[in-house]
Amino acid sequence: MTEMTDGVLHTLFRTEQGGHEQVVLCQDRATGLKAVIAIHSTALGPALGGTRFHAYASDEEAVRDALNLSRGMSYKNALAGLDHGGGKAVIIGDPDTLKSEELLLAYGRFVDSLGGRYVTACDVGTYVADMDVVARTTRWATGRSPENGGAGDSSVLTSFGVFQGMRASAQHLWGDPTLRGRKVAVAGVGKVGKHLVEHLLEDGAEVLITDVRQESVQAILDKHATGKYAGKVTAVAGTDALIRVEGLDIYAPCALGGALNDDSVPALTAKVVCGAANNQLAHPGVEKDLADRGILYAPDYVVNAGGVIQVADELHGFDFDRCKAKAAKIFDTTLAIFARAKADGIPPAAAADRIAEQRMSDARAAGAL
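The following refers to the structure shown.

Description of the packing of aromatic side chains
A full pass over the atoms with the stated rule returns two aromatic pairs. Between tyrosine 75 and tyrosine 301 the ring centres are 5.6 Å apart and the planes differ by 70°, which places this aromatic pair in the edge-to-face class. In this pair, tyrosine 75 is assigned in helix α2 (residues 59–79) and tyrosine 301 in helix α12 (residues 300–303), connecting sequence segments 226 residues apart. For tyrosine 75, a relative accessible area of 6% translates into the label buried.

Here's the deal with the packing of helix α6 (residues 155–174) against helix α14 (residues 320–328)
As a packed pair, α6 and α14 sit with axes 9 Å apart at the nearest point and diverge in direction by 30°. On the basis of their axis angle, the class for α6 and α14 is roughly parallel. Note on packing geometry: the crossing formed by α6 with α14 is right-handed. Residues Val156, Leu157, Phe160, Gly161 and Gln164 of α6 form the contact with α14, whose own contacting residues are Phe320, Cys323, Lys324, Ala327 and Ala328. Residue composition of the contact of α6 with α14, grouped by class: seven nonpolar, two polar and one charged.

Section: the pattern of salt bridges
Side chains bearing opposite charge may pair, as long as their charged atoms lie close to each other. Counted under the stated rule, the structure contains 18 salt bridges. Across the salt bridge formed by arginine 182 and aspartate 249, the nearest N and O atoms sit 3.6 Å from each other. Taken together, the residues span a long stretch of sequence, with arginine 182 in the loop between α6 and β7 (183–187) and aspartate 249 in the loop between α9 (239–242) and β10 (250–253) at a distance of 67 residues. Look at the salt bridges and you will find they share partners, linking Arg52, Asp65, Lys88 and Asp123 into a network.

Things to note about the environment of alanine 225
Following the sequence through the fold, alanine 225 ends up in the loop between α8 (214–223) and β9 (233–235). Judged by its relative accessible area of 53%, alanine 225 is exposed. Each C-alpha atom, one on alanine 225 and one on glycine 317, is 40 Å from the other, the two residues being 92 residues apart in sequence.

So, the pairing of β7
Burial analysis of β7 places four of its five residues in the buried class, the great majority of the element. Note that β7 and strand β8 (residues 206–210) share five bridges and pair parallel. Within β8, the position partnered with alanine 187 by the bridge is threonine 210. As for the winding sense of the linkage, the β-α-β connection from β7 through helix α7 (residues 193–202) to β8 is right-handed. In this structure, β7 lies alongside β10, joined through four bridges in parallel fashion. Bridge pairing links valine 186 to alanine 252 in β10.

Some points on unusual backbone geometry
The residue asparagine 279 is not glycine, and still its phi comes out positive at about 50°. By the secondary structure assignment, asparagine 279 is in the loop between β11 (272–273) and α11 (286–292). Using a relative accessible area of 24% as the deciding quantity, one classes asparagine 279 as partly exposed.

A look at α6
The first and last C-alpha atoms of α6 sit 28 Å apart over 20 residues, in line with the 28 Å expected at 1.5 Å per residue. Along α6, 14 of the 20 residues are buried, which leaves the element largely enclosed by surrounding structure. Two residues or fewer after α6 comes glycine 175, characterised by a positive phi angle close to 80°.

Quick word on helix α13 (residues 306–314)
Counting buried residues in α13 gives nine out of nine residues, a clear majority hidden from the surface. Of the positions making up α13, those classed as buried are Gly306, Gly307, Val308, Ile309, Gln310, Val311, Ala312, Asp313 and Glu314. Of the surrounding secondary structure, the elements contacted by the buried residues of α13 are β3 (47–48), α2, α6, α14 and α15 (330–344).

Procedures and definitions
Residues numbered from 1 in each chain as written. Predicted model: local features only at pLDDT ≥ 70, side-chain atom pairs only at ≥ 80, totals over all residues. Heavy atoms only, no water. Phe/Tyr/Trp six-rings, centres within 6.5 Å; stacked < 30°, edge-to-face > 60°. Helix = DSSP H or I, 4+ residues; strand = E, 2+ residues; numbered from the N terminus. Buried < 20%, exposed > 50% of the residue type's maximum accessible area, 1.4 Å probe, protein only. Axes fitted to C-alpha atoms, helices over the stretch in contact; angles between N-to-C directions. Parallel < 35°, antiparallel > 145°, perpendicular 65-115°, else oblique. Left-handed = near helix turned anticlockwise from the far one by under 90°. Contact = heavy atoms within 4.5 Å. Nonpolar A, V, L, I, M, F, W, Y, C, P; charged D, E, K, R; others polar. Salt bridge = Lys/Arg side-chain N within 4 Å of Asp/Glu carboxyl O. Pairing = 2+ DSSP bridges. Right-handed = clockwise from strand over helix to strand, strands pointing away. Expected span 1.5 Å × (residues − 1).

Have a look at this one:
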């Protein structure tokens, strides 16, 4: 445990790995709540990022995840042009057995105690209905239902943004911003992935899907068993098999992070990786491995920013059309990152980092004046 804890503290305090501003450990014994709220940066404004509810293997793993996710949110918000820094929270435990109204209310009180430095929203394991409950004890909860003054399901615009990233990838690689006739593999067809499948089908792609929840796969297969997209969706038994399907054009990781690692990258048959999952690169250096194999990587925190664009807008009076127009700009941002990567001779992930870091650095410098 000491070795793992030292690693977590190293990530927290060392600027080359994140330099987080604040990490809050939250516990409410009455409800069983154990949570971590990580604030990476407030250089651009209040930290904004969702709450993940997950049964982690250890408390240390939960802290690591919060640190990594919050750092990613700083970069995501910066490249999305939002006036928000990066933050993220995790609630430790199985949401199917631990989640309760009392627990969510207790969690909201912890969020509120930060006085607006952290604004939360939905993530894996939390939903619009959960944010409605959290919002009863804090004003700093977004992703609420329209009935409760919120914007509703942010996965709608998240999937739209990922689709724009795919279009940009197609434009960069094949000279045409369409997925028509392309074979696209989607790993994870939950909240975001299921909407992404619809965008792909509407654009004329052939789609292969997998998910650890068979009911999620079956729902999509049943929906398109007949009709104009019949035969255009195929289920594959697991991610390991999916990434090895011959003739893939695009692989879209849309589940948990770490999908691109030392085992999966050598096995990939796709020419492009562009998906909704956060923190897809398992460790530094994977982005170079992808580039060395000639695989174009659309950085996850760039293309999956549609959801955070939506929840950020909720703080100012939500307008769906305004948000969709902002999310559509992910196409241009992704193309700009590919161009910067080519000009600098670096992988797209490194180019995206440079652009985001420059915006945060400029904001810090302006604040110091």
